[in-house]
Amino acid sequence: MTREEVRGAIVNLDPAEKKVRLPVWFDDAPWHRIDYLGWRDLRAPKRAYLVTEADGRALGVLLRQAPNDAAHGSRAMMCDLCRSVRRFNEVSLFTAQLPSLDKRERLNAVGLLLCTDLDCAVKTHTKPIRHDFDPSFDETLRARREGLRSRTIAFIRSVSVPDRTERNRR
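As a starting point, this report considers the structure included with it.

About the thresholds
- Residues numbered from 1 in each chain as written.
- Predicted model: local features only at pLDDT ≥ 70, side-chain atom pairs only at ≥ 80, totals over all residues.
- Heavy atoms only, no water.
- Patch = residues over 30% accessible without salt bridge, like charges linked within 9 Å, V, L, I, M, F, W, Y side chains within 5 Å.
- Areas by Shrake-Rupley, 256 points an atom, 1.4 Å probe, with all protein chains shown as cover.
- Salt bridge = Lys/Arg side-chain N within 4 Å of Asp/Glu carboxyl O.
- Helix = DSSP H or I, 4+ residues; strand = E, 2+ residues; numbered from the N terminus.
- Buried < 20%, exposed > 50% of the residue type's maximum accessible area, 1.4 Å probe, protein only.
- Phe/Tyr/Trp six-rings, centres within 6.5 Å; stacked < 30°, edge-to-face > 60°.
- Core = buried A, V, L, I, M, F, W, Y, C linked by side-chain atoms within 4.5 Å.
- Contact = heavy atoms within 4.5 Å.

### Some details on a nonpolar patch on the surface
Moving on, step 1. Together, Val24, Trp25 and Leu42 make up a nonpolar patch on the protein surface, roughly 390 Å² of accessible area in all.
Moving on, step 2. When you line up the elements, Trp25 lands in the loop between helix H1 (3-8) and strand E1 (37-41).
Moving on, step 3. Since its relative accessible area comes to 38%, Trp25 is described here as partly exposed.

Structure representation (structure tokens):
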């Protein structure tokens, strides 16, 4: 994906926030190994972007990280995309505002629990502990990647559904 494709892929960008800051390592991204591109805005650390390719074009969303609640204690949490179980401070709630022309409707948002470091691809590619009755590593890796891609695309599409509020009112 090119820089222009990625910048143009963000479906819920507020008109006032026209600038999408790409990561400094964008040109070195290993596109053949990743299923989505996730990064944080260095100037606004609670702001993150998630972009993937679907149907031959780039799709992406702007995410905002909610503060981690200390009430979780040391409880483990699971990332909604890579399905890795991690410590409570390694998984955060990220929300994406739904795009709308009506300013009141822009307050609607959808969210998901996501690895705070946005590095689900690394966890997906880790070698699992295998038993004799488990599928091979290649099969496991393929299933993990397909699941990660399908969950990422489904989330981004849930944000970008046009006229969501009109359909719900009918």
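Next comes the rest of the account.
### Comments concerning the pattern of salt bridges
Moving on, step 1. In the structure shown here, the tally under the stated rule is 8 salt bridges.
Moving on, step 2. Two residues, Arg21 and Asp41, come together in a salt bridge whose shortest N-O distance is 2.9 Å. In this pair, Arg21 is assigned in the loop between H1 and E1 and Asp41 in strand E1, connecting sequence segments 20 residues apart.
Moving on, step 3. On the basis of relative accessible area, Asp41 is assigned to the buried category, the value being 1%.
Moving on, step 4. Close ionic contact of Arg149 with Glu53 constitutes a salt bridge, the shortest N to O distance being 3.7 Å.

### A look at the packing of aromatic side chains
Moving on, step 1. Evaluation of the coordinates by the stated rule reveals 1 aromatic pair.
Moving on, step 2. Plain terms: the ring middles of Trp39 and Tyr49 are 5.0 Å apart, the flat faces sit at 25 degrees to each other, and that makes the pair stacked. Taken together, the residues span a long stretch of sequence, with Trp39 in strand E1 and Tyr49 in strand E2 (residues 44-54) at a distance of 10 residues. Of the two residues examined, Trp39 and Tyr49, each falls in the buried class.

### Quick word on the nonpolar core
Moving on, step 1. With 23 residues, the main nonpolar core has Leu50, Leu63, Leu81, Leu114, Cys120 and Phe155 as its most contacted residues.
Moving on, step 2. Elements represented by at least two residues in this core include exactly E2, strand E3 (57-65), strand E6 (91-97), strand E7 (109-115) and helix H3 (137-160).
Moving on, step 3. The element that contributes the greatest number of residues to this core is H3, accounting for 5 residues.
Moving on, step 4. Those residues in contact with Cys120 that sit more than four places away from it in its chain are Tyr36, Cys79, Leu81, Cys82, Leu114, Cys115 and Leu148.
Moving on, step 5. Counting 15 residues, the second largest nonpolar core, distinct from the first, contains Val20, Leu37, Trp39 and Ala58.

### Describing the environment of Lys18
Moving on, step 1. Relative to the assigned elements, Lys18 resides in the loop between H1 and E1.
Moving on, step 2. Once the C-alpha coordinates of Lys18 and Gly8 are considered, the two residues, 10 residues apart in sequence, prove to be 10.0 Å apart.

On their own, these measurements won't tell you what the molecule is for.
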